[in-house]
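# Remarks on the overall topology
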Amino acid sequence: MTVENKAFLISIGSIELDKQLTLIAPQTSATAGPGAGDRSIFIISGDHRVRLTVKEHSPLKAVPDEDGVLLLYHGEPFISGELESPLCHCPEQAYITVSETCIFDCKFCPVPKLHGGIKSIETIIEMVEEASATGRLKAISLTSGVAISPEEEVERMVEVVQALRRRFDLPIGVSVYPTRDSSRLLYDAGADEIKYNVETMDPLIFANVCRDFSLSWILDALRQAVLIFGKNAVFTNVIIGLGEDDDTVLDGVATLASMGVIPNLRPISASPLRTGEITVERPSQERLLYLAKETKDILTNNGLDATKARTMCLPCTGCDITPFWDL
């Protein structure tokens, strides 16, 4: 798989499984973010990994091919690869959603509609222990909706991080909505990396799709996080496909990088639970490649390197064209 192949697959974002693969392919279900509720598979080929949502009538189809899989595009052979088994949500990580519910109503996110539960510390420890037993676990990543309030969610996450730190000598990354002292609390609890998602750097789009949040508040929290966690340890998701233009994306990348923050450009996943509430457009192969290459240059100029990330989305690379990892 070339990076161009991967960008094409991501631009489609879905794949149909042959009947035989439906029974044997290791699948995972997302419980956070725009793709929550979807089932997906991971395919690795050459130096690249891709995650695709399992969906009937996709133009892509996976069929058995000796010890691996062959991907067909409209029935014609495209690329071959191997299915990769996720641990918790993704390969090589225990990536766990603590609170699978949210009081906020970001228009791209189905989580508020799913009314999920809250995992206990005991359940989370069991999940990490099970992943560790495979011998393939390299990191622990924690994300969460907001069940009651951001402050209570941070308190819950602090307790989870402390419990995991006592048992596991692995990097721990955390993604939550920031509070006034969340970075200090989570760092002191034992977290190694932090992610606060800006979602979009277009202020007009942000005001429309994230009406409960403040973009300036999140940016201030990211600046503070870099002072505490350091460069190459603070991340943010920037969703691509909400109607923003490329100049706005890259200006935003430059702003974030100048702060010491590594942005992760995430192609939008349209949720059927949000039909009629938001209009989105999956980015094209060409747009994904262009933005990733420009982002790599901006990060390099600011002394940042995505390969230094040890937790969460950047080292996984499955959903995105990730600078330094994919190109």
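Here, every reference points to the structure presented above.
Now for a look at the structure at hand. Position labels on residues start from 1 in each chain and follow its written sequence. Totals for whole chains, interfaces and linings use every residue, but because this is a predicted model, local features are given only for residues with pLDDT of at least 70 and side-chain atom pairs only at 80 or more, for both listing and counting. Values reported for side chains reflect all heavy atoms of the structure, with hydrogen atoms and water molecules removed beforehand.

Turning our attention to the packing of helix α9 (residues 246–258) against helix α10 (residues 285–301). Direction vectors running N to C along α9 and α10 enclose 25 degrees, while the axes themselves pass 10 Å from each other. On the basis of the axis angle, α9 is roughly parallel to α10. As for how α9 packs across α10, the hand of that crossing is right-handed. On α10, the residues that touch Asp246, Val249, Leu250, Val253, Ala254 and Ala257 of α9 are Arg287, Tyr290, Leu291, Glu294, Thr295, Ile298 and Leu299. The axes used here are C-alpha line fits, helices contributing only the stretch in contact, and every angle between their N-to-C directions lies in the interval 0 to 180 degrees. Elements are defined by DSSP. Helices are runs of H or I of four residues or more, strands are runs of E of two residues or more, and each kind is numbered from the N terminus. Orientation is classified from the angle alone, with under 35 degrees giving roughly parallel, over 145 giving roughly antiparallel, 65 to 115 giving roughly perpendicular, and any other angle giving oblique. For a crossing to be left-handed, the near helix must be turned anticlockwise from the far one by less than a right angle; the clockwise case is right-handed. Two residues qualify as a contact provided that any one of their heavy atoms is within 4.5 Å of a heavy atom in the partner residue.

In this section: the layout of surface pockets. Buriedness for pockets is judged along seven lines, at least five of which must meet protein on both sides within 12 Å for an open set on the 1 Å grid over protein atoms alone, while cavities are sets there where a 1.4 Å probe fits but cannot get out, and lining residues have an atom within 4 Å of a point. Grid points are joined across faces, edges and corners, and a volume is the space filled by probe spheres set on the points. In this structure, the second largest pocket spans a volume of roughly 260 Å³. As for the second largest pocket, its lining consists of 15 residues, and the residues nearest its centre are Arg49, Glu92, Pro315, Cys316 and Trp325. Where the lining of the second largest pocket is concerned, the elements lending two or more residues are β4 (48–54) and α11 (313–316). Of the residues contributing to the lining of the second largest pocket, the split by class is six nonpolar, three polar and six charged. Residue polarity is assigned by list, with Asp, Glu, Lys and Arg as charged and Ala, Val, Leu, Ile, Met, Phe, Trp, Tyr, Cys and Pro as nonpolar; anything else, Gly included, falls into the polar class.

Considering the arrangement of structural elements, one finds Ile44 in strand β3 (residues 39–45). The spacing of Ile44 and Asp245 is 201 residues in sequence and 31 Å in space, taken between C-alpha atoms. Not counting residues within four places of it along the chain, the set of residues in contact with Ile44 comprises Arg49, Gly81, Glu82 and Glu84.

Now for helix α6 (residues 182–189). Burial status follows relative accessibility: with a 1.4 Å probe on protein chains alone, a residue under 20% of its type maximum counts as buried, one over 50% as exposed, and anything between as partly exposed. Those residues of α6 that fall on the buried side of the exposure criterion are Ser182, Ser183, Leu186 and Ala189. Down the axis of α6, the buried side of the element spans an arc of 135 degrees, and every buried residue falls inside it. Positive phi shows up at Gly190, right after α6, with a value of about 125 degrees. What the arc covers is the set of directions going from the helix axis to the C-beta atoms.

Time to look at α10. Given the number of residues in a helix, its expected span is that number minus one, multiplied by 1.5 Å. Between the first and last C-alpha of α10 there are 25 Å, a value that for 17 residues agrees with the 24 Å anticipated at 1.5 Å per step. Packed against the buried residues of α10 are α1 (3–12), β13 (234–240), α9 and β14 (262–267). After α10 finishes, the residue Gly303 shows a positive phi value of roughly 70 degrees.

We now examine the packing of helix α5 (residues 150–167) against α6. At a minimum axis separation of 8 Å, α5 and α6 run at an interaxial angle of 15 degrees. It follows from the interaxial angle that α5 and α6 lie roughly parallel. α6 is crossed by α5, and the crossing has right-handed handedness. When α5 is examined against α6, the residues Val154, Met157, Val158, Val161, Gln162 and Arg165 are found in contact with a partner set consisting of Ser182, Leu185, Leu186 and Ala189. Residue classes in the contact of α5 with α6 are distributed as seven nonpolar, two polar and one charged.

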